[in-house]
Number of protein chains: 2
Amino acid sequence: MHKMRPENIETNLRWLTNQSHVGGSEESLAMARQIRQKLRDFGFDATQLKRYKVLLSYPDRTKPNTVSFVEGDNTLFHTTGQQYSDLSLLQPYNAYSPNGTVEGKLVYANYGRMEDFKKLVDKGINCTGRIVIMRYGKIYRGDKVEHAAAAGAIGVVLYSDPADYAINGANDTYNVSWWLPRDGVQTGDIRAGMGDPLTPMYPAIENVARLPESEANLPTIPSQPISYKDAEQFLNMLDGQTAPIDWRGGIKNVNYKLDQTDNNDRKMKLEVYNKRLTKDIYNVIGTIRGAVEPDRYVIIGNHRDAWTYGAIDPSSGTACFLELARALGQMVQSGWRPRRTIILASWGAEEFGTIGSTEWVEENINELSEKAVAYLNIDAAVNGNQTLWAGASPHLSQVIQEAAKQVPCPHHEGMTVYQQWAKSLPVEPRKSDSPPKLDILAGTGSDFAAFVLFAGISSIDLQYTYDQNLNVPFYPVYHTQYETFDYMKRFIDPDFSVHLGTVRVLGETALRLADSFVLPMNCSLYADALSTYVSDLETHYGKRNLHDNLFLGYLKHAVSQFSQASETMQEVIATADRTNPLVVRSHNDKLMQMERHMLNPSGLPGRPQYRHLLFAPSQHDSYSGATFPGLVDAIEEGDWVAAHQQLSIITVTIESAAKNMDDGVIKGQ
Amino acid sequence: MHKMRPENIETNLRWLTNQSHVGGSEESLAMARQIRQKLRDFGFDATQLKRYKVLLSYPDRTKPNTVSFVEGDNTLFHTTGQQYSDLSLLQPYNAYSPNGTVEGKLVYANYGRMEDFKKLVDKGINCTGRIVIMRYGKIYRGDKVEHAAAAGAIGVVLYSDPADYAINGANDTYNVSWWLPRDGVQTGDIRAGMGDPLTPMYPAIENVARLPESEANLPTIPSQPISYKDAEQFLNMLDGQTAPIDWRGGIKNVNYKLDQTDNNDRKMKLEVYNKRLTKDIYNVIGTIRGAVEPDRYVIIGNHRDAWTYGAIDPSSGTACFLELARALGQMVQSGWRPRRTIILASWGAEEFGTIGSTEWVEENINELSEKAVAYLNIDAAVNGNQTLWAGASPHLSQVIQEAAKQVPCPHHEGMTVYQQWAKSLPVEPRKSDSPPKLDILAGTGSDFAAFVLFAGISSIDLQYTYDQNLNVPFYPVYHTQYETFDYMKRFIDPDFSVHLGTVRVLGETALRLADSFVLPMNCSLYADALSTYVSDLETHYGKRNLHDNLFLGYLKHAVSQFSQASETMQEVIATADRTNPLVVRSHNDKLMQMERHMLNPSGLPGRPQYRHLLFAPSQHDSYSGATFPGLVDAIEEGDWVAAHQQLSIITVTIESAAKNMDDGVIKGQ
């Protein structure tokens, strides 16, 4: 494809990071308009600026959120309320936290996982009426707050512990190295679900009915993030039981204790003044019309909104996205056109719960269900410089690998991105020729969520990342005031070669999907994944336990039917008459639609937006995924009747998908 | 197409009616096997015998259901319990009525409509603890029973009144004329909903989880049908207020009264011994593979099961169906092949709630959603000899009319079926060139129900019928012991020319759908229908009333968007490059999918099987249809918040369908 240049990506990133552009802001709209203009200038056939009216949440500039320790009328310690020195930024907050002032004794709940709260119960510590302080990491922050609320807490304080964000201690941090400084604070939303909170399942366009806020799925107790500099003060107020070893973080002067047992009236006081506001948000949609099958869409998306400067999340992605757009536009101008239509989408308000992408999918669900071949996502595209990382629908793993084999590794002469990837993240570390690991896309961490989980559109999420053996939650300055151009330039990708490598893999993948005669989707790999999920289920819940309560025979049979049907289909495709465009189209339709058939139109029990029967966010962590989620939930609740029902729905759905590959309706003797 | 012959149809009907073949019976399975063999012999490419395990309901041969009048231990009058003299038939019953014996004072509730029960309340008559006698007609019998149960009744007796079934009195009946004799009893099911009661939404195959019967949607009070000969005895026990004039039926010796007011202990006693049994039912599926687009299906269906001999319902249809199958097979054997695949389906257990067809649609929902072009239904294909009657998805009206123009009228030399149809059932009776009326398909009266209402597959239902000005519920011997070959031969279609005319219209329509290069589906007609539904809404509920509570502007705008988009699309299709098969395929896909886009995947509120936003059975009468059913229900309940929500869902869905026709996602400046 047309030559993409690192210096262009660098210029893009410099522009994108020169000011904050949070979702719903004037700055984000201005940037949307500029991106639209760029796509036009690049030679795109059509562009749209799509608006939605959605519920966002902001801190109040005039009344900063504060966390303090009080004793009667005395304030012993309080955060400044202006934790970012650049006052043009939104001060750190947890979006959608309700406002309110609460006071209570403090409890420390480690990462705020279910198991952490369970341990507190085991140790006799009751969270009722208390404020819970937790460290960021391991699970989605919104789930931490939800777990705390379920445990009876009245407020939450979140902080970034150096054990997770500055593992060499406070002296080895930005701007000496890439680790998080003492005053770094991570902003982020704490809501469950996808899209505008007031219009689940439907697009937040003018005429759509809104839920009253009281009926929307929104957090119920106030929450506020702080730095580890501030957290030190609060953690030192704890005087109760000593925390278990693996609960102890890395703040030097803190002996991690579990709770406050003093009899005086010292309390934490949490004041949150966030406002929920209805705002306009914008997606930019640009199109390059397909030459042969214009009604088949390969969609590439990246969000535009950023909490602070967004140098990594999302602007490393946006910088790549814009260079890819330029290259594609150049190719069109020089006479080329893809077989299928390519759509580029710049999403608004992803940080508030993948809102822009979800509303767009909800608005265009019919058109996308019929015409979308695949969705490719880049978000924090370059958050490290060691290796490619990818999550994808299982039958897309081959096309990504093939693409990655075409791209030289940014840092190792003579190696490809694929080789470095397979080396860094091997499926089987002991094998020298192991392929790289591919994650499932089941969480709500970025804009693929509505595509996969609501619409059943096969998707890919790509990024270049750091050494995963570090075992840290994410790149250290994630969602903080330190996500700057300078940080990227000095500590991740000085020459933007990693950006270039990433966007080349993205571009190669997109072109293969848009231009191949037969779609590069290998359903046998999907079958293999299904088998693995069944084995995982048996391993996780115990064969014995499962078999005493559920009969998995039909599911296994359905998976083997699916496996058989996909192999037969691949063979038929391999020998198909390629001179007959309708024959090829018919095969491609089956490939394109296969994953759509894994949807249950009614959604998972109690979760109508999550319609994929194989993947959904775990109920304990929205960022990580569960396979067979409805079944797993029922098993975890010990409801074997519901489990049987979910198992039967999954089985019949896999059978039905297999039958379609096999033209089951018109087969016979 | 290949010559179809009336004598073959007659032979078919003679065979089909020589014994009873109720759903779930050995006889019905034997017939399924024979039909499958016929399709094979005719030259079909593939045939299947598809089995489902479903909950049916039968009377007990050893313990007949009886209705009696008792006074203490004395029985004053009782039905024989063997109301059909042919003991090889199932004795008349209401399928799915629970068994049980109840005694109570009698109330007469006319047709058992909501308005009838309301009138009883107005007249101070309480149904609580009573048995309600009602006449058949106007609405679905199951709704009568449900209304009675809602009014507090403990049992129901249904009968056929001569005012509706023998309008010239008891002397002018079969076998002097076609009217219902005194001892005719109409059997029929009384359940709401489609398909197997225990597996709503999913196919009743081996491994699917079943609801317990207690959680299924099944009738709650016993019910039994009787003849007007027997009804006379019971109606004469009524001694209360005189019934309103339009409640009075045509039994000579009866003065229609509303209730029993006597103080003695005379009571009606109803004994029902029905059994609900899990049974195997069978569909026969035969396929003629399409030459050019084998992955596009035109489906023709007819049910096979009959309550008694079924000469009209369904065997007049089955006789036609088999002759059509023979003709198509002949054409294939002589070298022809349709462009698209043609599927013939002989459904099992329609009489129990369109079970065979619904289970098949539920099992193959993914494949059908992708590949089904249209479904054509014939059931009681020849129930009269005056005129064609059709119900259809609005954009299919043209293709039926065109087909009917090709077929000579069976009874009027020089006229076409179309001309006779337009004359008998004109849209605008005052205009000489008015087109014929086309009904909507929104009820659950036959096997199109799951296709249209669950799957959004555009459908047609065809029949030849009697003079609709007679204003009678249906052909008089419907579902009685008098549905015999002799009856058909003597009183409806002696030379089987009406059958021939009907099946020729069906065949012509099917071939146009299967063979046309561009699908004969006119979306502008769908747009017109949408406009009409909006006007009807305003007329019915009052512009003023609606406008005070709901803003219809967005809906009207969406309809005009849809109208615009369909016109543009028709123009684009008219001028499309017909040498490019992918261009034509792409247009045809839009036409085929258009109605699918009217589905709401979650279904109507509380009715998940009904997913079509434009059509559903009326909540008061499952046989008649409501347009905008979710909206209408909310308005009728006076719940304007719900109405607003439904309106918004309908609006956004129509907009989305319009956008897809217009390739909205990739449009732009």
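Residue positions are given per chain, counted from 1 along the sequence in the order it is written. Working convention: letters from A go to chains and numbers from 1 go to ligands, in the order in which they are written. Reporting of local features is limited, given that this is a predicted model, to residues whose pLDDT is at least 70; pairs of side-chain atoms are given and counted only at 80 or more, and all residues count toward the totals for whole chains, interfaces and linings. Computation of side-chain values: all heavy atoms of the structure, hydrogens and water removed.

Taking an unreviewed UniProt entry as the reference, chain A is identified by name as NAALAD2 protein belonging to Branchiostoma lanceolatum. UniProt positions are given in the numbering used here, feature names are shortened, and annotations may be inferred rather than shown by experiment. According to the UniProt record, the Subcellular location (unreviewed entry) comment for chain A is "Cell membrane".

Draft legend 1. Quick peek at the environment of B:Thr509. Residues and elements named next belong to chain B. Each helix is a run of H or I in the DSSP string that is no shorter than four residues. Each strand is a run of E no shorter than two, and both are numbered from the N terminus. When you line up the elements, Thr509 lands in helix H14 (residues 497-515). Exposure is judged per residue with a 1.4 Å probe applied to protein chains only, and the accessible area is read against the type maximum: over 50% gives exposed, under 20% gives buried, and values in between give partly exposed. Thr509 sits in the buried class, given a relative accessible area of 1%. The sequence separation of Thr509 and Val22 amounts to 487 residues, and the corresponding C-alpha distance is 30 Å. Two residues qualify as a contact provided that any one of their heavy atoms is within 4.5 Å of a heavy atom in the partner residue. Apart from the residues lying within four places of it in its own chain, the contact partners of Thr509 are Leu376, Val399, Ile400, Ala403 and Ile460. Here a polar contact means two N or O atoms within 3.5 Å. Within protein one must be a hydrogen donor candidate and the other an acceptor candidate, and residues neighboring in sequence count only if both atoms are side-chain atoms. Reaching out from Thr509, the side chain makes a polar contact with the backbone oxygen of Val505 at a distance of 2.7 Å.

Draft legend 2. Geometry of the sheet that holds strand S7 (residues 131-135) of chain A. All names here are of chain A. We treat two strands as partners when DSSP finds at least two bridges between them. The strand order across the open sheet built from four strands is S6-S7-S8-S10, with neighbouring strands paired in parallel fashion. The sheet is open, and its two borders are formed by strand S6 (106-108) and strand S10 (223-226), each paired with just one other strand. In this sheet, neighbouring strand axes are inclined to one another by 25° on average, regardless of whether the strands run parallel or antiparallel. Pairing between S7 and strand S8 (residues 155-159): five bridges, direction parallel. Pairing of Met134 across the sheet is with Leu158, part of S8. An axis is simply a line fitted to the C-alpha atoms; with a helix, the fit covers only the stretch in contact. Between two such axes, the angle follows the N-to-C directions and lies from 0 to 180 degrees.

Draft legend 3. Focus on the side chain of B:Ser316. Residue and element names in this part refer to chain B. Within the fold, Ser316 resides in helix H7 (residues 315-333). Among the polar contacts listed, one links the side chain of Ser316 to the backbone nitrogen of Ala381, at a separation of 3.0 Å. A distance of 3.0 Å separates a polar atom in the side chain of Ser316 from the backbone nitrogen of Val382.

Draft legend 4. The arrangement of helix H13 (residues 485-492) of chain A in detail. Residue and element names in this part refer to chain A. Where H13 is concerned, the buried positions are Phe485, Tyr487, Met488 and Ile492. All buried residues of H13 project into a common sector of 165° when viewed along the axis, lining one side. At its buried positions, H13 is contacted by helix H1 (6-16), helix H7 (315-333), strand S15 (372-382) and helix H14 (497-515). Working definition: the arc comes from the directions between the helix axis and the C-beta atoms, pointing outward to the latter.

Draft legend 5. Fine view of the relation of the copies chain B and chain A. Rotating chain B by 180° and moving it 0.0 Å along the rotation axis overlays it on chain A with an RMSD of 0.0 Å. Such values leave the two copies arranged in the relation of a two-fold axis. Taken together, the interface assignments show that 100% of the residues at the interface of chain B recur at the interface of chain A, consistent with an identical surface on both copies. The atoms used to superpose the copies are C-alpha atoms, taken from residues with pLDDT of at least 70 in both, and the fit is least squares.

Draft legend 6. Highlighting the UniProt feature "domain: Transferrin receptor-like dimerisation" (unreviewed entry) in chain A. Mapped onto this structure's residue numbering, the UniProt feature "domain: Transferrin receptor-like dimerisation" (unreviewed entry) falls at residues 553-661 of chain A. Between the first and last C-alpha atoms of residues 553-661 of chain A the distance is 22 Å; the span itself is 61% helix and 10% strand.

Draft legend 7. Quick peek at the domain arrangement of chain A. Residues and elements named next belong to chain A. Here the domain parsing of chain A yields domain 1 (6-58 + 281-515), domain 2 (66-273) and domain 3 (523-661). Opposite the 32 residues of domain 1 that make contact, domain 3 presents 28 residues. Both faces combined, the contact of domain 1 with domain 3 buries some 2300 Å², and carbon together with sulfur accounts for 53% of it. Throughout this description, the term salt bridge denotes a Lys or Arg side-chain nitrogen within 4 Å of a carboxyl oxygen of Asp or Glu. The partner of Asp295 in a salt bridge is Arg585, and the shortest N-O contact between them spans 2.7 Å. Taken together, domain 1 and domain 3 are joined by 14 residue pairs in polar contact (both at pLDDT 80 or more). Marked domain ranges trace back to an automatic or database domain assignment. Here's the idea: put two parts together, see how much 1.4 Å probe accessible area each one loses, and the total over both is what we call buried area.

Draft legend 8. Structural context of the packing of helix H1 (residues 6-16) of chain B against helix H13 (residues 485-492) of chain B. In contact at an axis separation of 9 Å, H1(B) and H13(B) are set at 145° when each is read in the N-to-C sense. Residues B:Glu10, B:Leu13 and B:Arg14 of H1(B) form the contact with H13(B), whose own contacting residues are B:Phe485, B:Met488 and B:Lys489.

Draft legend 9. View of the interface of chain B and chain A. Counting from both sides, the interface comprises 64 residues of chain B and, opposite them, 64 residues of chain A. Together, the buried faces of chain B and chain A total about 5400 Å²; carbon and sulfur atoms form 50% of this surface. Considering only the side of chain B, the residues that lose the most area to chain A are B:Leu582, B:Val665 and B:Ile666, jointly responsible for 15% of the buried surface there. On inspection of chain B and its partner chain A, the count reaches eight salt bridges. B:Asp663 serves as the salt-bridge partner of A:Lys371, at 3.0 Å between the closest nitrogen and oxygen. Seen at the junction of chain B and chain A, the total is 30 residue pairs in polar contact (both at pLDDT 80 or more). It is helix H20 (residues 640-661) of chain B that provides the largest number of residues to the side of chain B that touches chain A, a total of eleven residues.

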